[in-house]
Amino acid sequence: MKVVLENLTKIFPSRDKKSGKEVVAVNNFTFEIPDGKLIGLLGPSGCGKSTTLYMISGLQKPTSGKIFFGEDDVTELSTENRGIGLVFQNYALYPHMTVKQNILFPLQNLKGKDKLPKNEMLERAHHAAALVQIDELMERKPSELSGGQQQRVAIARALVKMPRVLLLDEPLSNLDARLRLQTREEIRRIQKETGITTVFVTHDQEEAMSISDLIVVMKLGVVQQIGQPQEVYDNPSNLFVAKFLGTPPINVFTGSVQNGKLYLGEEAVLDVPGVADQPVIVGIRPEGFELSNNGALTCGLNNVEVMGRDVSIVSTHAASVNPVVRSIINADNRIDTSSATVRYNLKPHKVFLFNSETEERIQFEVK
C-alpha cells in the first residue's frame, strides 16, 4: 500500500498568549511512500516527525494538505477505519491482560461485517505471536516480560489486524543498547516477511540508516532531504544533514576557496575545481583522512584511541568549529604518538563544502 502525503501542514496554536505566535510543526510536506517499503522519519526532537506519523494515523488532523492510502483519500477518515497498526514508544500494553489477550484485543473490538469468529481470531493471534517470536509467552502478563518482549507484544498487537500501513513511533527508545540492536533487526525481518508499508520514527540516525529503505531527514517541520540512507550520507544537501548523520559526527571547519583550492588556515588542502573564491564551511567525514608524512593538512596530535580494527585519532586545528578533530583510520597504520602533530591528505569524496551563509551544499568535481 503506497502512502502519499500531499502538501501536508500542521500548525498548533500558540501557548504563549502574549506573542500569539503559532507553531508550525510540519510545513508543506509532500512525499510518496512506496508500497512495501520501510521509511525512516529522522530528526531531532521537535522536528515534526511524530506529528507527521500521527497525521498519517489519523490521531491528528492536518491543518492543510491531503493523505492518500493507495488511491483512497483518508485525510478525514477516522483512525479505526484507516487500516493502520500503531506501535508506541511506551508499549501501551494492558497490565491486567495476558500476552494473548493483549494481542487479541484489537480483533475483539471489530464490529459488524468486520467481526471475526473466535477460532480465526485465535489463529491470527498465534500467527502474529509466532512472527515476533513470543508464541511461548502467550499466558504471561506484561509485568513478567522484559522490555524487548513487551515491545514484541506491542508489534504483534499491531500486526494482528493485518494493517495496510504499520506506524512505529520511536519503538526502541526504552530498550538497552543490545536489545535495541536485536529488536531493530527483528523489525526489519518482520517488515520484509509481511511486506507491509512501514513508517518508522526515530531520532537515532544509526537506527534509521540500518533498517530503512529510504530516510526522510526533518528539521523544524521542514523536510531537509529524502533518499536512500547511504546516498544521503554520501551526498548531504546541506550542513544540517551532514552534521546529523554519521557516528562519530562529521568534522566541521571554517575555510576558504582561492583559485580553485580549498584552504584551512594557511594550508591548501584540496583542489576544488569550479568553485568560486569565497569563504566556506567545510565538512570532513572521520573516514575522510589519510595519514601521510607529507600530508597537506597539519593537526595537533592529542590522543590515539585503539578500537580494534580501526584507530581513532583525536587532534586539534585552529580552523575547526568543534574542540577536537576526530579521524578514523585503519589499525594497520602506525602512528608516532610522541609527535606533536599529525598530517593528513584528504579523500575528496569525503569532503563537503557549504555556503557560509545559507549552509547549502556547494558541489565540486571529484577527480
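Residues numbered from 1 in each chain as written. Predicted model: local features only at pLDDT ≥ 70, side-chain atom pairs only at ≥ 80, totals over all residues. Heavy atoms only, no water.

Novice: Would you take a moment to explain the packing of helix H2 (residues 99-108) against helix H3 (residues 118-131) for this structure?
Specialist: The axes of two packed helices give the description: the angle between them and the distance between them. One can describe the packing of H2 onto H3 by two numbers: an axis separation of 9 Å at closest approach and a directional angle of 130 degrees. In terms of their interaxial angle, H2 and H3 are classed as oblique. Crossing handedness for the pair H2 and H3: right-handed. Along its contact with H2, which presents Lys 100, Ile 103, Leu 104, Leu 107 and Gln 108, the element H3 presents Met 121, Leu 122, Arg 124, Ala 125, His 126, Ala 128 and Ala 129. When the residues that make up the contact of H2 with H3 are grouped by side-chain class, the tally is eight nonpolar, two polar and two charged. (Axes fitted to C-alpha atoms, helices over the stretch in contact; angles between N-to-C directions. Helix = DSSP H or I, 4+ residues; strand = E, 2+ residues; numbered from the N terminus. Parallel < 35°, antiparallel > 145°, perpendicular 65-115°, else oblique. Left-handed = near helix turned anticlockwise from the far one by under 90°. Contact = heavy atoms within 4.5 Å. Nonpolar A, V, L, I, M, F, W, Y, C, P; charged D, E, K, R; others polar.)

Novice: I would appreciate a short explanation of the pairing of strand S6 (residues 84-87) in the present structure.
Specialist: Two faces, one strand: in a regular strand the side chains alternate between the faces of the sheet. On S6, burial covers both faces: Ile 84 and Leu 86 on one face and Gly 85 and Val 87 on the other are all buried. Looking at chain direction, S6 and strand S7 (residues 165-169) are connected through four bridges and run parallel. Note that in S7 the partner of Gly 85 across the bridge is Leu 166. (Buried < 20%, exposed > 50% of the residue type's maximum accessible area, 1.4 Å probe, protein only. Pairing = 2+ DSSP bridges.)

Novice: Please clarify how the sheet that holds strand S15 (residues 289-291) should be interpreted in this entry.
Specialist: Within a sheet, adjacent strands bond to each other through the backbone by hydrogen bonds, running parallel or antiparallel. Overall, antiparallel pairing links the five strands, which are arranged S15-S19-S16-S17-S18 in an open sheet. Bordering the open sheet on either side are S15 and strand S18 (325-330), each of which pairs with just one other strand. On average, each strand axis in the sheet is tilted by 50 degrees relative to the strand beside it, whichever way the strands run. Relative to strand S17 (residues 310-316), strand S16 (residues 297-306) runs antiparallel, the two being bridged by six bridges. Directly across from Val 304, in S17, lies its bridge partner Ile 313.

Novice: I tried to follow the side chain of Asp 169 on my own but got confused; where do I start?
Specialist: Along the chain, Asp 169 falls in strand S7. Lys 49 provides the closest opposite charge to the buried, unpaired Asp 169, separated from it by 7.4 Å. If we ignore the near neighbours within four places in the chain, the residues touching Asp 169 are Ser 50, Leu 53, Tyr 54, Val 87, Phe 88, Gln 89 and Val 201. (Lys, Arg positive; Asp, Glu negative; His and termini not counted. Salt bridge = Lys/Arg side-chain N within 4 Å of Asp/Glu carboxyl O.)

Novice: I tried to follow the pattern of salt bridges on my own but got confused; where do I start?
Specialist: Any two side chains of opposite charge can pair, given that their charged atoms come close. Counted under the stated rule, the structure contains 19 salt bridges. Arg 189 is the partner of Glu 186 in a salt bridge, and the nearest nitrogen-oxygen pair spans 2.6 Å. Highlighted residues: Glu 186 and Arg 189, both in helix H5 (residues 177-194), separated by three residues, approximately one helical turn. We note a salt bridge from Arg 309 to Asp 310, for which the minimum N-O separation is 3.6 Å. Judged by its relative accessible area of 71%, Arg 309 falls in the exposed class. Judged by its relative accessible area of 24%, Asp 310 falls in the partly exposed class. One salt-bridge network, in which partners are shared between bridges, spans Arg 152, Glu 186, Arg 189 and Glu 193.

Novice: Is there a simple way to explain the environment of Gln 363 in this structure?
Specialist: Residue placement: Gln 363 occurs in the segment after strand S21 (361-362). When the C-alpha atoms of Gln 363 and Pro 273 are compared, they prove to be 9.5 Å apart, with 90 residues separating the residues in sequence.

Novice: Would you mind going over H3 with me for this structure?
Specialist: Because the α-helix completes a turn every 3.6 residues, residues three or four places apart line up on one side. Along its 14 residues, H3 runs 20 Å from first to last C-alpha, staying within 8% of the 20 Å computed at 1.5 Å per residue. Its buried side turned inward, H3 meets H2, helix H4 (147-159) and H5. Looking one or two places after H3, you find Gln 133, whose phi comes out positive at around 60 degrees. (Expected span 1.5 Å × (residues − 1).)

Novice: Quick question: what am I supposed to make of the packing of H4 against H5 here?
Specialist: Close contact between H4 and H5 brings their axes to 11 Å; oriented N to C, the two are set at 20 degrees. Taken as axis vectors, H4 and H5 run roughly parallel relative to one another. Pair H4 / H5 crosses with right-handed handedness. Facing H4, whose interface residues are Gly 148, Gln 151, Arg 152, Ile 155 and Leu 159, H5 presents Leu 179, Gln 182, Thr 183, Glu 186, Ile 187 and Ile 190. Classifying every residue of the contact of H4 with H5 by side-chain character gives five nonpolar, four polar and two charged.

Novice: I keep staring at helix H1 (residues 49-57) and nothing clicks. Help me out?
Specialist: The buried fraction of H1 amounts to eight of the nine residues, a majority that puts the element mostly inside the structure. Once H1 finishes, Gly 58 follows within two positions and takes phi at roughly 95 degrees, a positive value.

Novice: Where do I start with the side chain of Ser 212 in this structure?
Specialist: Relative to the assigned elements, Ser 212 resides in the loop between helix H6 (205-211) and strand S9 (214-219). Within the structure, Ser 212 has its side chain in polar contact with the backbone nitrogen of Gly 40 (distance 3.4 Å). (Polar contact = N/O pair within 3.5 Å; in protein donor to acceptor, adjacent residues only side chain to side chain.)

Novice: Can you walk me through the packing of aromatic side chains in this structure?
Specialist: Both the distance between ring centres and the angle between the ring planes are used here to describe each pair of aromatic rings. One pass over the structure, following the stated rule, counts four aromatic pairs. Seen in terms of ring centroids, Tyr 94 and Phe 105 are 4.8 Å apart; in terms of plane orientation they differ by 55 degrees. Their pairing is tilted. Residue Tyr 94 is located in the loop between S6 and H2, and its partner Phe 105 is located in helix H2; the two are separated by eleven residues in the primary sequence. Look at Phe 105 and you get partly exposed, because its relative accessible area is 26%. When the ring of Phe 240 is compared with that of Phe 244, the centres are 5.7 Å apart and the planes differ by 20 degrees; the resulting orientation is stacked. One end of the pair is Phe 240 and the other is Phe 244, both in helix H8 (residues 239-244) and four residues apart, which spans about a single turn. Of the two residues examined, Phe 240 and Phe 244, each falls in the buried class. Sitting above the plane of the Tyr 233 ring, Arg 285 keeps its charged end 3.9 Å from the centroid. (Phe/Tyr/Trp six-rings, centres within 6.5 Å; stacked < 30°, edge-to-face > 60°. Lys NZ or Arg CZ within 6 Å of the ring centre and 35° of its normal.)

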